[in-house]
Structures are given as C-alpha cells and as structure tokens.
Amino acid sequence: MAASWTGDTIADVLGRLIAVMGRPAASLKDGGGDLHKAIALLDEQGRASPCLDDLSHAVAGMRQRSSHDHPACETFVSAWGRVSGKRTHTILACLAPPKVRTTARFMPVHRLLTWADRVRQLSPAGGAKSGST
C-alpha cells in the first residue's frame, strides 16, 4: 500500500485490480480530487466504469459552501468545539456534542443539529449569561 494516495497511485491500484477482477459496474466517489483524477486516468486508458457521486458528500459540500462564511455558523462551530473539550471528562459528558472530524464537519451536520436541539430543550430558559452563545 502507498504511504500517501494521489490520483496516480489510486489509478495504478485500481488498474491492477481491474486486470485481475474485471471492471466494476460503477465507481462511487466522494468530492475528492484524487479519486476524480484516478477515474479520469482510467477513462483515458479505456478502463473506467460509470462514476457516481456520493450524495452525502455532495450535500455536505453544498452545505459547507452555503454556510462556511456565515457568522452564526462560525460561532456555532466554535462554541461546539469549546463545549466538547470541557465536558468529555466530567459528570456532564452525556451532554458533550458528537465528535465530528474537522475535514468533514458538514457531513454529519444532522447529528450536530439534533444534539444542539436536545441540549436547548433541556436547558431552562434564561439560564445562560446575557450575550453568551
């Protein structure tokens, strides 16, 4: 296996697999450029299969582009990170937000919003400091 993956290394591995096992019916890919390049290289060689974009990655990308620069989104993500780090080793660990990788934080956005809504419902009105997130 490779120490790091590029479009060229992925195309090479897929090419060897195709030679042994035959061409797959389709390839499912995320929005990553390395896999896109690998499929393009295989297509140039006449060995590519139809390529399907993973819907969850596509929706996460749209979500990220639409809210990335929104001040409320940045405030929410920042607060979520602060809460996550402070609650995990306390009696309030059950209230810690779900772990979400930074590189794919918009992928499971539904889990994060579900968590925020549940915490909001458990919090009594007027309990937060004035002006706090």
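Report follows, based on the coordinates.

Let us look at helix H1 (residues 7–21). The terminal C-alpha atoms of H1 lie 20 Å apart, and with 15 residues this matches the ideal 21 Å at 1.5 Å per residue to within 8%. Buried within H1 are the following residues: Gly7, Ile10, Ala11, Gly15 and Ile18. Looking straight down H1, one finds its buried side chains confined to an arc of 135 degrees; they lie on one side. Turned more than 90 degrees off the buried face of H1, the exposed positions are Arg16, Ala19, Val20 and Met21. Where the residues of H1 are buried, they touch helix H2 (33–44). At the C-terminal side of H1, glycine 22 shows a positive phi close to 95 degrees.

Here the focus is the nonpolar core. Ile10, Ala11, Leu35, Ala38 and Leu41 together form the largest nonpolar core, which totals five residues. Within the residue set of this core, elements represented by two or more residues are H1 and H2. The element best represented in this core is H2, accounting for three residues. Excluding its chain neighbours within four sequence positions, the residues that come into contact with isoleucine 10 are Trp5, Asp34, Leu35 and Ala38.

Turning next to a nonpolar patch on the surface. A cluster of nonpolar side chains, contributed by Leu17, Val20 and Met21, occupies part of the molecular surface with about 360 Å² of accessible area. Positionally, valine 20 belongs in helix H1. For valine 20, a relative accessible area of 72% translates into the label exposed.

With that settled, consider the side chain of serine 49. Within the secondary structure layout, serine 49 lies in the loop between H2 and strand S2 (51–53). Here proline 24 takes part through its backbone oxygen, which lies 2.5 Å from a polar atom of the side chain of serine 49. Sequence-distant contacts of serine 49, that is, excluding residues within four places in its chain, are made with Arg23, Pro24, Ala25, Ala26 and Ser27.

Turning to the layout of surface pockets, a few remarks are in order. Taken as a whole, the second largest pocket spans an internal volume of roughly 260 Å³. Around the second largest pocket, the lining is made up of 16 residues, and of these Leu14, Leu17, Pro24, Ser27 and Ile39 lie nearest the centre. The set of elements that each furnish at least two residues to the lining of the second largest pocket consists of H1, strand S1 (27–29) and H2. With six residues, the top contributor of residues to the lining of the second largest pocket is H1.

Conventions and cut-offs
- Residues numbered from 1 in each chain as written.
- Predicted model: local features only at pLDDT ≥ 70, side-chain atom pairs only at ≥ 80, totals over all residues.
- Heavy atoms only, no water.
- Helix = DSSP H or I, 4+ residues; strand = E, 2+ residues; numbered from the N terminus.
- Expected span 1.5 Å × (residues − 1).
- Buried < 20%, exposed > 50% of the residue type's maximum accessible area, 1.4 Å probe, protein only.
- Arc of directions from axis to C-beta.
- Contact = heavy atoms within 4.5 Å.
- Core = buried A, V, L, I, M, F, W, Y, C linked by side-chain atoms within 4.5 Å.
- Patch = residues over 30% accessible without salt bridge, like charges linked within 9 Å, V, L, I, M, F, W, Y side chains within 5 Å.
- Areas by Shrake-Rupley, 256 points an atom, 1.4 Å probe, with all protein chains shown as cover.
- Salt bridge = Lys/Arg side-chain N within 4 Å of Asp/Glu carboxyl O.
- Polar contact = N/O pair within 3.5 Å; in protein donor to acceptor, adjacent residues only side chain to side chain.
- 1 Å grid on protein atoms, 1.4 Å probe; cavity = no way out; pocket = protein on both sides within 12 Å on 5 of 7 lines; lining within 4 Å.
- Points joined across faces, edges and corners; volume = space filled by probe spheres on them.

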